[in-house]
There are 2 protein chains.
Amino acid sequence: MPVIATIRDALPDRRTALTPAVAGQLVKAGHEVLVAKAAGQAAGFEDAAYSAVGATTVSAADAVSRADVVVAVGRPSAATLAKFRAGQVLVASLDSWGDTVPLDKAASKGVKLIALEKVPRQISRAQAMDVLSSQASIAGYRAGIVAAAAYGRYLPMMVTAAGTAKPASVLVLGAGVAGLQAIATARRLGARVTGYDVRPAAREEVTSLGAQFLSTSVDAVGEGGYARELTKEEAATQQKELGDAIATFDIVIATAKVPGRKPPLLVTTDTVKAMRRGSVLVDLAASDKGGNVAGSIDEETVVTKNGVTLIGAASIAADMAPAASDAWSRNVQAVLAALIVDGKVDVNAEDDVIGAMLIPTKEASV
Amino acid sequence: MPVIATIRDALPDRRTALTPAVAGQLVKAGHEVLVAKAAGQAAGFEDAAYSAVGATTVSAADAVSRADVVVAVGRPSAATLAKFRAGQVLVASLDSWGDTVPLDKAASKGVKLIALEKVPRQISRAQAMDVLSSQASIAGYRAGIVAAAAYGRYLPMMVTAAGTAKPASVLVLGAGVAGLQAIATARRLGARVTGYDVRPAAREEVTSLGAQFLSTSVDAVGEGGYARELTKEEAATQQKELGDAIATFDIVIATAKVPGRKPPLLVTTDTVKAMRRGSVLVDLAASDKGGNVAGSIDEETVVTKNGVTLIGAASIAADMAPAASDAWSRNVQAVLAALIVDGKVDVNAEDDVIGAMLIPTKEASV
């Protein structure tokens, strides 16, 4: 049976790609499982918990050299990648839309790179492998919690002897997996929730969660379940119409990421300026390329001069590392089930799911 | 009409005792309203918002010297208290269970001190004045949010393509106003919630919110709606029975404060050690005299060696300063309505509500 190892190389990400629960199941299935020392610690899984289920704690170098399949969360460093051999398999989110040089090098050497971010999510067989969805679900839930914690008033309506507090008004921009979870969480907390998405088909999903749907005149259905990138004119119209609406909300959660692209600016500087003191904006698309919210900085909380709180939270799923690792590990387990046939690793480039995730060997590099 | 002023002297408390909304209503009723510069700023209320409703921004010294009635959140410093004149009224939470020397000095000089913490909450007319309740309500709600933010997994059950996450189990210790709000908030978020209180009468309130009630063999009904202080034997029995139960929960929110007394220790060091890695305890009774949870430190988050997070949160209501100030101001407004009769201040010591809150003049000091 193939040896499976996990490493945690993409610091400071706290997640791990293999929880003791899943490691134990792999051991039971007959695999030798190697866990790089402290790989699960930041997610709340001690080395002892892995030993308890029959996995072996080893150095990160040994994990890579002895494994047939290495599973991870983020792309390992170039130095670690360089240590992989031909025929070894790496399953991780490989940032294949970023700097591809280290990936191309490894692929041309014969390392089989399975990029989880390229999961063909429209194929139902791939849904159990979909880390984008599982992590977006956590990000959306957590965005609702973080927004509630940052907001200075109740989310639910409160009727007390000292008077009635009205419910907070929450707007969720983008009704993908993260957006729908953010809507559900804000609804659970009793807020008045409105959802928005450029895809008019999202209206039904938003309203089925008990939220209002905010309409604009822009429509943008894209491939693979994503919104397509808008033209400049469309974006301007969308921004103007949205801006007026956004400024009336207490809390805005922006979730409009387009994989591998600059996220659309949905909340402009002028809109932020027009918002009430005490309003909170959570930007799940915050990045060094800009986010959905003007002025948001990833991993930081900024309070504007007019008293609006901007929370940059692109990596928010990793802040809930135990749950994020549970889900990631189950996704990885589904990938392993597709990769390991009759006790042997078989990376079948012709398979519509595995093939879609496999980083191709560049002709030029061969 | 009496002049009403507010000061913010009890730093670092972010709350204000008079929001622009209530200030505006007092102005409309014919009062001159003075607001010490920046008194509302930390709660999100700018000086301009007070000017807009007809209140006047002045120095803190002018606010005290020109007012007939001064309203505040916490007890002003001894220096500020010394500036009050005979006949002036101060309405605030005065820490009358703490060092009483500055209070006695002011009272003996003829300053009328209305201690909001002494509100006779069992009298229905006093309920609109009850800052203990209004702030406990906020503390309980916020404890639920803070616990959810600190916990590394979902509170609700989640059914996804990558598997099912079971709901978090939450135990709320103490079923007063704060405890019931914590239960309601955790329930809203989808957790499996259990409540506990030494008063068996609390069972009905807990179960009416859809939570389970945890029973022990100790019963302790006290005066004025509080639990009475337990005997040492009762406390030991309660701790042993509770300890075994507590260690099984993911999240514990402890809300058992006894005004003016050392809070009961409900979660011992042994119990904390027996809890699972990743568990979260929020202690609303944390204080320098100890709290409900062994090892909790007020205003701090401590992670134990076994990976349990202890959050000391006695002042958690002040962290939601806008809502806390809204409620406090409405409570103060109700007190003012009882103090000001026919356009004149009338501190009637014979009144069962006002009399209960008035700090008496010590015979010895006269």
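Residues numbered from 1 in each chain as written. Chains lettered and ligands numbered in written order. Predicted model: local features only at pLDDT ≥ 70, side-chain atom pairs only at ≥ 80, totals over all residues. Heavy atoms only, no water.

### Quick look at the overall build of chain A
Assigned secondary structure in chain A consists of twelve helices and 17 strands. A globule of 366 residues ought to have a C-alpha radius of gyration of about 21 Å, and chain A, at 22 Å, matches this closely. On the principal axes, the C-alpha backbone points of chain A span a range of 65 × 50 × 35 Å. Burial statistics for chain A: of 366 residues in total, 53% are counted as buried. (Helix = DSSP H or I, 4+ residues; strand = E, 2+ residues; numbered from the N terminus. Rg over C-alpha atoms; globule rule 2.2 N^0.38 Å. Buried < 20%, exposed > 50% of the residue type's maximum accessible area, 1.4 Å probe, protein only.)

### Details of the relation of the copies chain B and chain A
Screw-axis analysis of chain B against chain A gives a translation of 0.0 Å along the axis, an RMSD of 0.0 Å, and a rotation angle of 180 degrees. Those values place the two copies in the arrangement expected of a two-fold rotation axis. Looking at the rotation axis and the C-alpha trace of chain B, the residue lying nearest is Arg-188 of chain B, at 2.7 Å. In this assembly, 100% of the residues forming the interface of chain B have copies in chain A that are likewise at the interface, indicating an isologous arrangement. (Least-squares fit on C-alpha atoms with pLDDT ≥ 70 in both. Contact = heavy atoms within 4.5 Å.)

### With respect to the nonpolar core
Among the nonpolar cores identified, the biggest contains 84 residues, and Leu-155, Ile-253 and Val-282 of chain A together with Leu-155, Ile-253 and Val-282 of chain B are the most heavily contacted of them. If we ignore the near neighbours within four places in the chain, the residues touching Ile-253 of chain A are Ala-143, Gly-144, Ala-147, Val-170, Leu-171, Val-172, Leu-173, Ala-182 and Val-282 of chain A. (Core = buried A, V, L, I, M, F, W, Y, C linked by side-chain atoms within 4.5 Å.)

### Side note on the interface of chain B and chain A
With 39 residues of chain B at the interface, the matching set in chain A holds 39 residues. When the area that chain B buries against chain A is broken down by residue, the three leading residues are Arg-153, Tyr-154 and Arg-188 of chain B, summing to 21%. The tally of links from chain B across to chain A stands at four salt bridges. The salt bridge involving Asp-326 of chain B is made with Arg-153 of chain A; its shortest N-O contact spans 2.8 Å. (Buried area = accessible area lost by both parts, 1.4 Å probe. Salt bridge = Lys/Arg side-chain N within 4 Å of Asp/Glu carboxyl O.)

### Details of the pairing of strand β15 (residues 309-312) of chain A
Residue and element names in this part refer to chain A. Side chains of β15 alternate between two faces, with Thr-309 and Ile-311 and Leu-310 and Gly-312 buried alike. Here four bridges tie strand β13 (residues 280-283) to β15, and the two strands are oriented parallel to one another. Bridge pairing in β15 places Val-280 opposite Thr-309. Examined bridge by bridge, strand β14 (residues 301-303) and β15 share three bridges and lie antiparallel to one another. Its bridge partner being in β15, Val-303 is matched across the sheet by Thr-309. Linking two consecutive strands that pair antiparallel, namely β14 and β15, is a turn of five residues; a positive phi of about 80 degrees is found at Gly-307 within it. (Pairing = 2+ DSSP bridges.)

### Describing the domain arrangement of chain A
Assigned domains of chain A: these are domain 1 (3-118 + 321-360) and domain 2 (138-314). One C-alpha centre belongs to domain 1 of chain A, the other to domain 2 of chain A, and the line joining them spans 34 Å. (Domains from an automatic or database assignment.)

### Some details on the pattern of salt bridges
It is possible for side chains of opposite charge to pair when their charged atoms get near one another. Counted by the stated rule, this structure contains 19 salt bridges over all chains. Each of the salt bridges in this network shares a partner with another, and the network as a whole consists of Arg-125, Asp-351 and Asp-352 of chain A.

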